[in-house]
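# Chains, contacts and geometry: an overview
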Amino acid sequence: FMFVGGYGLYRSCEGKHTNLLARIKKLYSSYWKVFFIFIPLAFLFFRNQPIYCATENICTRYKTFIWTEFIENLIGISNTYNSEWWFFREYLIALITFPIIKSFIEKHSNGINLSLVVIFSICVSSVFPALAKYGNLSNNFIFTNFLCKNPPYISAFWLGCAIGKNDLLMRLRISLRDNHLLNPLADIAIILAIIFLKNSGIRETITFLYIPFFCLKDTFTRI
């Protein structure tokens, strides 16, 4: 989702002015349409539902109405009302940073852009969280929400933006096709490589790097 969102957003805005406020307004408009319909219904009908699973907070989240929790969910910085809304805050942060990322990507080569995405992913998933333990950084909302991410979903968004420049995804697609690498044996090799990396200690740090290959395979399966 984040990779496709970044790729599509960059391609649609390449060489154009980015109207950040309009895009954030559109995002909140879609979010609030669902929020104001289903959250009141949830408090109305699910306040006293029995405990039906081991995770008790899932069953009792609508038992007590708290204004601060309501506001946090309303503006999207919390997803206690619906854990499936985890992506909203991540995508909101991605949108806020998009003008900066877009400007940077347009000024540098593809190699530099992709390298910095990898480096920054390692920083936000490993280095910055370690630094947050020192001083008062762990209490800094901007630092913890923008610079401490594991898994680094926002890196997938930035990777999508970087690959969107010069339509690298299409170029990679053509290269793989011309070299006959879109076949079951290549699929197995990629899956085995991913399993190896996941079990090697890297885990989610650079998981986003696998996404373009799955997108390419899905595209070729459909066409």
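In what follows, the structure referred to is the one given above.
### Focus on helix H9 (residues 168–178)
Looking at H9, one finds that the buried residues are Leu168, Leu169, Arg173 and Leu176. The buried side chains of H9 occupy one side of the element, clustering within an arc of 140° when seen end-on. One or two steps after H9, the chain reaches His180, where phi turns positive at roughly 55°.

### Let's talk about the packing of helix H2 (residues 20–45) against helix H4 (residues 67–74)
Put simply, H2 and H4 touch, their axes get as near as 11 Å, and they point 140° apart. As far as their axial angle goes, H4 and H2 are oblique. Here Tyr28, Tyr31, Trp32, Phe35 and Phe36 of H2 lie close against H4, whose contacting residues are Phe70, Asn73 and Leu74. Grouping the constituent residues of the contact of H2 with H4 by class yields 7 nonpolar, 1 polar and no charged.

### Some points on the pattern of salt bridges
Tallying each qualifying case throughout the model produces 1 salt bridge. Between Lys102 and Glu106 there is a salt bridge whose closest N-O contact spans 3.1 Å. With a gap of 4 residues between them, Lys102 and Glu106 both fall in helix H5 (residues 86–107), about one helical turn apart. Judged by relative accessible area, Lys102 falls into the buried class, the value being 7%.

### Digging into H2
Compared with the 38 Å implied by 1.5 Å per residue over 26 residues, the 37 Å span of H2 between its first and last C-alpha is a close match. Along H2, the sharpest change in direction is near 30° and occurs at Phe35. What H2 keeps buried is the set Ile24, Leu27, Tyr28, Tyr31, Phe35, Ile39, Ala42 and Phe43. On the buried face of H2, the contacting elements are H4 and H5.

Basis of the calculations
- Residues numbered from 1 in each chain as written.
- Predicted model: local features only at pLDDT ≥ 70, side-chain atom pairs only at ≥ 80, totals over all residues.
- Heavy atoms only, no water.
- Buried < 20%, exposed > 50% of the residue type's maximum accessible area, 1.4 Å probe, protein only.
- Helix = DSSP H or I, 4+ residues; strand = E, 2+ residues; numbered from the N terminus.
- Arc of directions from axis to C-beta.
- Axes fitted to C-alpha atoms, helices over the stretch in contact; angles between N-to-C directions.
- Parallel < 35°, antiparallel > 145°, perpendicular 65-115°, else oblique.
- Contact = heavy atoms within 4.5 Å.
- Nonpolar A, V, L, I, M, F, W, Y, C, P; charged D, E, K, R; others polar.
- Salt bridge = Lys/Arg side-chain N within 4 Å of Asp/Glu carboxyl O.
- Expected span 1.5 Å × (residues − 1).
- Bend = angle between axes of the 7 residues up to and from the residue.

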